[in-house]
Amino acid sequence: YFAKSTRTKRNPWAHYNRALAFRSLQKPQEAMEELVVAHVLAPAEPLISRLHGLIAVEAKEWAIATERLTPLTTGTRAVAVDFELLGHGLWGLGRYEAAATAFERCTSMDPEGETCWYNLGMTRTRLRLWSAAKAAFHQVGAGTTTRPHALRQLKQIERIQAVQP
């Protein structure tokens, strides 16, 4: 696909940029291969691991996503999107309590983050924590793209609660 010179083989950002190109071509496996090389060349660079985690989530490679994102969430340089992506990876692995914790951290770092609140609500719904799920869905702001989905989930929870003893 892309020519590799000796100089670019040692440059982590050349591999990072190739990964972006492969992602745009919808070739996630090739993108992740480039990011593995980039990570070897620059293991402390969070942007490389973050992109690797994002592409792994998009490709539904949950174990790879959590492997790349977990170290990002333990450092002082963590950002809300790290927790959001980690939550997706943990959800995909069926680790709903851990996913809820990740989404909670995301909402604490970004209280306006509509997708973090929505995903927290979905995770709490999966855990059958109805009141907590409703509280999360109520945090999704009006006029946002996820608001209609949150309202639909709220109605579904109310139907479930109406038939439960």
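To be clear, the structure that these remarks concern was listed above.
Criteria and thresholds
- Per-chain numbering applies: the sequence of each chain, read as written, is numbered from 1 onward.
- Per-residue local features are limited, in this predicted model, to residues with pLDDT of at least 70; the limit for side-chain atom pairs, both in listing and counting, is 80 or more; totals at the level of whole chains, interfaces and linings are taken over all residues.
- Hydrogen atoms and water are omitted, and side-chain values are computed over all heavy atoms in the structure.
- Counting from the N terminus, the helices are DSSP H or I runs at least four residues long and the strands are E runs at least two residues long.
- The contact definition used throughout considers only heavy atoms, calling two residues in contact when any of these lie within 4.5 Å.
- Residues grouped as a nonpolar core are buried Ala, Val, Leu, Ile, Met, Phe, Trp, Tyr and Cys residues, joined through side-chain atoms within 4.5 Å.
- Accessibility here uses a 1.4 Å probe with only protein chains present; expressed as a share of the type maximum, an area under 20% marks a residue as buried, one over 50% as exposed, and anything in between as partly exposed.
- A pair of sulfur atoms, both from cysteines and within 2.5 Å, is called a disulfide here.
- In this analysis the probe radius is 1.4 Å and the grid spacing 1 Å, with only protein atoms considered; a cavity is a set of points the probe fits into but cannot get out of, a pocket is an open set with protein on both sides within 12 Å along at least five of seven lines, and lining residues have an atom within 4 Å of a point.
- Grid points are joined across faces, edges and corners, and a volume is the space filled by probe spheres set on the points.
- Under the convention adopted here, Pro, Cys and the residues Ala, Val, Leu, Ile, Met, Phe, Trp and Tyr are nonpolar, Asp, Glu, Lys and Arg are charged, and Gly plus all remaining residues are polar.
- Any helix carries an expected span of 1.5 Å times its number of residues minus one.
- Here the bend at a residue is taken as the angle between two axes, fitted respectively to the seven residues that end there and the seven that start there.
- Inter-axis angles, ranging from 0 to 180 degrees, are taken between N-to-C directions of lines fitted to C-alpha atoms, where helices are fitted over the stretch in contact.
- Here the word oblique covers every angle except those under 35 degrees (roughly parallel), over 145 (roughly antiparallel) and from 65 to 115 (roughly perpendicular).
- Handedness of a crossing follows from how the near helix is turned relative to the far one, being left-handed for an anticlockwise turn of less than a right angle and right-handed for a clockwise one.

## A few points about the environment of W117
So, step 1. Along the chain, W117 turns up in helix α8 (residues 114–126).
So, step 2. Measuring from C-alpha to C-alpha, the distance between W117 and Q139 comes to 6.3 Å, with 22 residues separating the pair along the chain.
So, step 3. In contact with W117, not counting residues within four places along its chain, are T107, D110, P111, A136, Q139 and V140.

## As for the nonpolar core
Side chains that are nonpolar tend, in soluble globular proteins, to be buried together.
So, step 1. Counting residues in hydrophobic clusters, the biggest one holds 34 residues, and the most contacted among them are L35, I48, L51, I55, L69, L120 and F137.
So, step 2. Ranked by residues supplied to this core, first place goes to helix α4 (residues 46–58) with five residues.
So, step 3. Once residues lying within four places of it in the same chain are set aside, the contact partners of F137 are Y118, G121, M122, T125, R147, A150, Q153, L154 and I157.
So, step 4. One finds A78, A80, F83 and C116 within the second-largest nonpolar core, a separate group that totals five residues.

## Points about the state of the cysteines
So, step 1. Taken as a whole and assessed by the stated rule, the structure comprises one disulfide.
So, step 2. Between C106 and C116 runs a disulfide, and the two sulfur atoms are separated by 1.7 Å. Placement of C106 in helix α7 (residues 96–109) and of C116 in helix α8 is noted, with a sequence separation of ten residues between them. With respect to burial, C106 and C116 carry one shared label: buried.

## Quick notes on the layout of surface pockets
So, step 1. Taken as a whole, the largest pocket holds about 160 Å³ of empty space.
So, step 2. As for the largest pocket, its lining consists of 16 residues, and the residues nearest its centre are A44, E45, P46, P71 and L72.
So, step 3. Secondary-structure elements contributing two or more residues to the lining of the largest pocket are α4 and α5 (62–74).
So, step 4. Examining the composition of the lining of the largest pocket, we find that four residues originate from one element, α5, more than from any other.
So, step 5. A per-class count over the lining of the largest pocket returns six nonpolar, four polar and six charged.

## Describing α5
So, step 1. The end-to-end C-alpha distance of α5, which contains 13 residues, comes to 18 Å, matching closely the 18 Å that a straight helix rising 1.5 Å per residue would cover.
So, step 2. The sharpest bend along α5 measures roughly 25° and falls at R68, with the proline P71 sitting one to four residues further on.
So, step 3. Along α5, the positions that sit buried rather than exposed are A65, T66, R68, L69, L72 and T73.
So, step 4. On its buried face, α5 is in contact with α3 (28–41), α4 and α6 (80–92).

## A look at the packing of α4 against α5
So, step 1. Here α4 crosses α5 at 155°, and the two axes come no closer than 8 Å. When the interaxial angle is binned, α4 and α5 end up roughly antiparallel. In the packing of α4 onto α5, the handedness of the crossing is left-handed. Between α4 and α5, the residues in contact are P46, S49, R50, H52, G53, A56 and V57 and W62, I64, A65, R68, L69 and L72, respectively.
So, step 2. A per-class count over the contact of α4 with α5 returns eight nonpolar, three polar and two charged.

## Concerning unusual backbone geometry
Leaving glycine aside, a negative phi is the common case for residues, and trans is the common case for peptide bonds.
So, step 1. In the Ramachandran plot, Q26 falls in the positive-phi region, its phi being about 60° despite a non-glycine side chain.
So, step 2. For Q26, the location among the structural elements is in the loop between α2 (12–24) and α3.
So, step 3. The class of Q26 is exposed, set by a relative accessible area of 70%.
So, step 4. Even without being a glycine, R128 presents a positive backbone phi close to 60°.
So, step 5. Summarising the element assignment, R128 is placed in the loop between α8 and α9 (130–138).

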